[in-house]
Amino acid sequence: MKRILLALFITLGTFAVQAQEIKWMSIDEALAAQKKKAKPIFMDVYTDWCGPCKMLDKNTFHDPEVVKFISENYYAVKFNAESNTEVNFKGKKYTNPQYNPDRKGRNAQHQFAATLNLEGYPSMVVFDKKGEINNTIVGYHTPAQLLEALKAN
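Residues numbered from 1 in each chain as written. Predicted model: local features only at pLDDT ≥ 70, side-chain atom pairs only at ≥ 80, totals over all residues. Heavy atoms only, no water.

### Thoughts on the nonpolar core
The biggest cluster of nonpolar side chains holds 20 residues, and the ones touching the most others in it are Ile27, Ile41, Met43, Val45, Phe112, Leu116 and Phe127. Contributions of two or more residues to this core are made by helix H2 (27-36), strand S1 (41-46), strand S2 (75-80), strand S3 (87-89), helix H5 (111-115) and strand S5 (123-127). For this core, the element with the most residues is H2, which contributes 4 residues. Apart from the residues lying within four places of it in its own chain, the contact partners of phenylalanine 127 are Ile27, Pro40, Ile41, Met43, Phe89, Phe112, Leu116, Glu132, Ile133 and Asn134. Met124, Val126, Ile137 and Leu146 belong to the second largest nonpolar core, which has 17 residues in total. (Core = buried A, V, L, I, M, F, W, Y, C linked by side-chain atoms within 4.5 Å. Buried < 20%, exposed > 50% of the residue type's maximum accessible area, 1.4 Å probe, protein only. Helix = DSSP H or I, 4+ residues; strand = E, 2+ residues; numbered from the N terminus. Contact = heavy atoms within 4.5 Å.)

### Some details on the state of the cysteines
The tally for this structure, following the rule as stated, stands at 1 disulfide. At a sulfur-sulfur separation of 2.3 Å, the disulfide partner of cysteine 50 is cysteine 53. On the S-S bond that ties cysteine 50 to cysteine 53, the torsion sits near 85°, and the link is right-handed. For the pair shown, cysteine 50 and cysteine 53 are each scored as buried. (Disulfide = S-S within 2.5 Å.)

### Some points on the confidence of the model for the protein
With 88% of its residues at a pLDDT of 70 or more, the protein shows a mean pLDDT of 89. Confidence over residues 14-18 falls short of pLDDT 50; this stretch has 0 contacts with residues more than four positions distant or in other chains. (pLDDT = per-residue confidence, 0-100.)

### A closer look at helix H3 (residues 51-60)
Regarding H3, the residues found buried are Cys53, Leu56 and Thr60. Buried residues of H3 fall within an arc of 80° about the axis and therefore sit on the same side. Considering only its buried residues, H3 is in contact with S1, helix H4 (64-73), S5 and helix H6 (143-151). (Arc of directions from axis to C-beta.)

### Here's the deal with the packing of H4 against H6
At a closest axis distance of 9 Å, the pairing of H4 and H6 adopts a crossing angle of 25°. As far as their axial angle goes, H6 and H4 are roughly parallel. When you trace H4 past H6, the crossing you get is left-handed. When H4 is examined against H6, the residues Glu65, Val66, Phe69 and Ile70 are found in contact with a partner set consisting of Pro143, Leu146, Leu147, Leu150 and Lys151. Its residues assigned to classes, the contact of H4 with H6 shows 7 nonpolar, no polar and 2 charged. (Axes fitted to C-alpha atoms, helices over the stretch in contact; angles between N-to-C directions. Parallel < 35°, antiparallel > 145°, perpendicular 65-115°, else oblique. Left-handed = near helix turned anticlockwise from the far one by under 90°. Nonpolar A, V, L, I, M, F, W, Y, C, P; charged D, E, K, R; others polar.)

Structure, rendered in structure tokens:
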């Protein structure tokens, strides 16, 4: 009986750890949510070819403390800087007219990413409760480094 209970607790604990993840949304969804309930936006700007971006996803954005902090304090946005999505920001529509769906690796930069004046990828852009850029965090950050940068805002 003790072994069964132990196995049950281990299984439930495993599911709880796996269930902890950031609920990502689009920038349009986050801006709409901001109108209902004012809350800052945390946006991960990445590209498909970026190695540090993948490390950030695997290591930092799955850390339980980071997941909890971002989930409680921000609307979390994931934005591919080379995607073909349409973004509506501050009354202006942004697209990626040079996007090539047949291209492997690097693609054209999205107009919205260009507007953000990013220094590199990954970049994490923090918008205040009114949708204004408050801070940009560039490069790979460990969970502790990211939490320190976010708590400094």
